[in-house]
Amino acid sequence: QVQLVESGGGLVQPGGSLRLSCAASGLFFSINAMGWYRQAPGKQRELVALITSGGSTTYADSVKGRFTISRDNTEKTVYLQMNSLKPEDTAVYYCNAEARRTVVSRSLDYWGQGTQVTVSP
């Protein structure tokens, strides 16, 4: 089983910064990609950023230039550096990982419990 533990959420003022962390642990063979999703009240969950094992990154248009995703493959940890935060960034942020349990298993998606990010004056 793969477990994802998130940390770093909290309350910040507009224009502030926050850094989210997600650590993967448990029994798995490899992690192919990791990403961050968010869900605001009254809205559907959306992709914020993702990074592949090769280091390729993808960002939602709404966060380009403000957010940066990075990954530590050795430590199985992914980070999301959030700068110039806006009230519309307020949401629960979820970590996602695509991983294989064994060398002969197919890849599956795993999710963290979520961490609250609130941007308010």
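This text gives an overview of the structure that appears in the document. These figures come from a predicted structure and were not determined experimentally.

Basis of the calculations
Residues numbered from 1 in each chain as written. Predicted model: local features only at pLDDT ≥ 70, side-chain atom pairs only at ≥ 80, totals over all residues. Heavy atoms only, no water. Salt bridge = Lys/Arg side-chain N within 4 Å of Asp/Glu carboxyl O. Helix = DSSP H or I, 4+ residues; strand = E, 2+ residues; numbered from the N terminus. Buried < 20%, exposed > 50% of the residue type's maximum accessible area, 1.4 Å probe, protein only. Contact = heavy atoms within 4.5 Å. Polar contact = N/O pair within 3.5 Å; in protein donor to acceptor, adjacent residues only side chain to side chain. Core = buried A, V, L, I, M, F, W, Y, C linked by side-chain atoms within 4.5 Å. Pairing = 2+ DSSP bridges. Axes fitted to C-alpha atoms, helices over the stretch in contact; angles between N-to-C directions.

1. Quick word on the pattern of salt bridges
- Considering all chains together, one arrives at 4 salt bridges under this definition.
- Put simply, Arg38 and Glu46 hold a salt bridge, and the shortest N to O gap is 2.8 Å.
- Where salt bridges share partners, they join Arg38, Glu46, Arg66 and Asp89 into one cluster.

2. Remarks on the environment of Gln81
- Along the chain, Gln81 turns up in strand 8 (residues 77-82).
- Taking relative accessible area as the criterion, Gln81 reaches 22% and is therefore assigned partly exposed.
- When neighbours within four sequence positions are excluded, Gln81 is seen to be in contact with Ser17, Leu18, Arg19, Arg66, Phe67 and Thr68.
- One polar contact links Gln81 to Asn83, side chain to side chain, over a distance of 3.0 Å.

3. Some words on the environment of Val63
- Locating Val63 in the fold gives a position in the loop between strand 6 (57-59) and strand 7 (67-72).
- The spacing of Val63 and Ala49 is 14 residues in sequence and 8.5 Å in space, taken between C-alpha atoms.

4. Looking at the side chain of Ser30
- Within the fold, Ser30 resides in strand 4 (residues 30-39).
- Look past the residues within four positions of Ser30 in its chain and what remains in contact with it is Glu98, Ala99 and Arg100.

5. Points about the nonpolar core
- Formed by 31 residues in total, the largest nonpolar core has its most connected members in Leu4, Trp36, Leu80, Met82 and Tyr93.
- The set of elements that each furnish at least two residues to this core consists of strand 1 (2-7), strand 3 (18-26), strand 4, strand 5 (46-52), strand 7, strand 8, strand 9 (91-100) and strand 11 (115-119).
- Sorting elements by how many residues they give to this core places strand 9 first, with 5 residues.

6. Some points on the pairing of strand 5
- When strand 4 meets strand 5, the two strands line up antiparallel, connected through 6 bridges. Considered in strand 5, the bridge of Arg38 is made with Glu46.
- Between strand 4 and the antiparallel strand that follows it, strand 5, lie 6 residues; Gly42 among them carries a positive phi value of about 80°.
- Examined bridge by bridge, strand 5 and strand 6 share 3 bridges and lie antiparallel to one another. Its bridge partner lying in strand 6, Ile51 is registered against Thr57.

7. Side note on the sheet that holds strand 3
- If you trace the 4 strands from one edge of the open sheet to the other, you get 1-3-8-7, paired in antiparallel fashion. Taken across any chain shown, the strands that pair with only one partner, and hence form the sheet edges, are strand 1 and strand 7. Sheet twist, expressed as the mean angle between neighbouring strand axes with direction ignored, is 15°.
- Two strands pair when backbone bridges link them, and strand 1 and strand 3 are joined in this way by 6 bridges, in the antiparallel orientation. In the strand pairing of strand 3, Val5 is matched with Ala23.

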